[in-house]
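Take a look at the letters that make up each chain.
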Amino acid sequence: MSDVVDNPFFARLWTAMSSREPESLRRLRRDNLAGLTGRVLEVGAGTGTNFEFYPSTVTEVVAVEPERRLAVLAEQAAAGAAVPVTVSTDTVEQFADAKPFDAVVCSLVLCSVDDPEQVVSQLFSVLKPGGELRYLEHVASDGAARGRLQRFADATFWPRLLGNCHTHRRTEDTITRAGFRVDDARREWTFPAWVPVPVAEFAIGVARRP
Ligand SMILES: C[S@@+](CC[C@H](N)C(=O)[O-])C[C@H]1O[C@@H](n2cnc3c(N)ncnc32)[C@H](O)[C@@H]1O
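All of these numbers come straight from a predicted model, not from anything done at the bench.

What counts as what
- Residues numbered from 1 in each chain as written.
- Predicted model: local features only at pLDDT ≥ 70, side-chain atom pairs only at ≥ 80, totals over all residues.
- Heavy atoms only, no water.
- Helix = DSSP H or I, 4+ residues; strand = E, 2+ residues; numbered from the N terminus.
- Rg over C-alpha atoms; globule rule 2.2 N^0.38 Å.
- Buried < 20%, exposed > 50% of the residue type's maximum accessible area, 1.4 Å probe, protein only.
- Contact = heavy atoms within 4.5 Å.
- Areas by Shrake-Rupley, 256 points an atom, 1.4 Å probe, with all protein chains shown as cover.
- Lys, Arg positive; Asp, Glu negative; His and termini not counted.
- Charge placed at Lys NZ, Arg CZ, Asp CG, Glu CD.
- Near = heavy atom within 4 Å.
- Polar contact = N/O pair within 3.5 Å; in protein donor to acceptor, adjacent residues only side chain to side chain.
- 1 Å grid on protein atoms, 1.4 Å probe; cavity = no way out; pocket = protein on both sides within 12 Å on 5 of 7 lines; lining within 4 Å.
- Sits in = over half its atoms within 2 Å of the grid points.
- Pairing = 2+ DSSP bridges.
- Patch = residues over 30% accessible without salt bridge, like charges linked within 9 Å, V, L, I, M, F, W, Y side chains within 5 Å.
- Salt bridge = Lys/Arg side-chain N within 4 Å of Asp/Glu carboxyl O.
- Axes fitted to C-alpha atoms, helices over the stretch in contact; angles between N-to-C directions.

Caption draft 1: The arrangement of the overall build of the protein chain in detail. The number of helices and strands found in the protein chain is seven helices and seven strands. Written out in order from the N terminus, the α and β elements of the protein chain read α-α-β-β-α-β-β-α-β-α-α-α-β-β. Compactness check: the protein chain gives a C-alpha radius of gyration of 16 Å against a globular reference of 17 Å for 210 residues, within 12% of the reference. In the protein chain, buried positions account for 52% of the 210 residues. Contacts in the protein chain between residues far apart in sequence, at least 24 positions, make up 71% of those at least 6 positions apart. When the accessible surface of the protein chain is totalled, it reaches about 9,700 Å², and 56% of it is carbon and sulfur. Charged side chains of the protein chain number 24 positive and 28 negative; the gap between the two group centres comes to 3 Å.

So, in structure tokens, the structure goes:
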């Protein structure tokens, strides 16, 4: 379980990357948050890239971001957001709140936590019955060649350079195993399928706590 997230190199890299995202990824972020209402927990908010996409029907966002260099930038993004956002520097594993949430948002974060099964079960428990998990995550590819590339990346340099990111996680299975009912799900490619990068295929969906 993570108590501390301290990644100076990744924080610099992610700050640069998240300020220049392609329109294809921004569209997926917008889709992932469309129609949300009420009180939302956002897990691992990074620089706060999602904040501008929350619809006005969201009454409050509680965002956890334990990497303090990124949390400072998330605070700045929160100040300019159209909906109220507070930023906590807890890890998701440390985070506790007495009030249940209407929705939880995970984008590009279940790849980076140490124990996704435990975290997704925790997210299930902080939701109201009927509450939604909105997820936008790169996932393990079904293709044999890309699967091999992902396993190689995960066993070597990728998690070390990219803040514990793992490319070959079967996140959709983790979500259903935690007890969520998937209402809507699809996969999208952010690069053409032939480009040999391990994080090209994204899962986006709505999963509900029954
Ligand atoms: C690739 S970034 C994605 C940031 C953001 N979710 C987005 O969509 O731009 C992964 C983020 O997860 C955060 N993170 C890693 N481990 C975490 C944990 N245990 N609890 C909460 N956040 C965590 C990192 O600090 C980082 O900001």
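Still more ground to cover, so stick around.
Caption draft 2: Local environment of the site of the ligand. Taken together, 20 residues surround the ligand, and among them R29, G44, E65, E93 and S107 come closest. Take G44: an N or O atom from its main chain is 2.6 Å from a nitrogen atom of the ligand. Take V92: an N or O atom from its main chain is 2.9 Å from a nitrogen atom of the ligand. Out of a free accessible area of 600 Å², the ligand has 97% covered by protein chains. Taken atom by atom, the bulk of the ligand overlaps the largest pocket.

Caption draft 3: Up close: the pairing of strand β1 (residues 38-43). Within β1, six of the six residues are buried, which leaves it mostly tucked inside the rest of the structure. With six bridges connecting them, β1 and strand β2 (residues 58-64) associate as parallel partners. Opposite V40, over in β2, you have V61 as the bridge partner. Here four bridges tie β1 to strand β4 (residues 101-107), and the two strands are oriented parallel to one another. Directly across from L41, in β4, lies its bridge partner V104.

Caption draft 4: Molecular detail of a nonpolar patch on the surface. Together, F9, F152, F157 and L161 make up a nonpolar patch on the protein surface, roughly 400 Å² of accessible area in all. On the secondary structure map, F9 appears in helix α1 (residues 8-18). Overall, F9 belongs to the partly exposed group, its relative accessible area being 43%.

Caption draft 5: Spotlight on the pattern of salt bridges. Scanning all chains against the criterion turns up 19 salt bridges. A salt bridge links R186 to D31, with the nearest nitrogen and oxygen atoms 2.8 Å apart. A residue pair is termed long-range when its members are at least 10 positions apart, and R186 in strand β6 (residues 181-189) and D31 in helix α2 (residues 23-33) qualify at 155 residues. On the basis of relative accessible area, D31 is assigned to the partly exposed category, the value being 33%. Note that R181 is salt-bridged to D183, the shortest N-O span being 3.1 Å. For R181, a relative accessible area of 45% puts it in the partly exposed group.

Caption draft 6: Layout of the sheet that holds β6. Read from one edge to the other, the open sheet built from seven strands follows the order β3-β2-β1-β4-β5-β7-β6, with strand pairing classed as mixed. Here the strands that pair on one side only, and so sit at the sheet edges, are β3 (85-88) and β6. Strand-to-strand, the axes of this sheet are offset by a mean angle of 15°, without reference to chain direction. Strand direction decides the pairing type here: strand β5 (residues 127-138) and strand β7 (residues 201-208), joined by seven bridges, are antiparallel. The residue bridging Y135 from the neighbouring strand is G205, located in β7.

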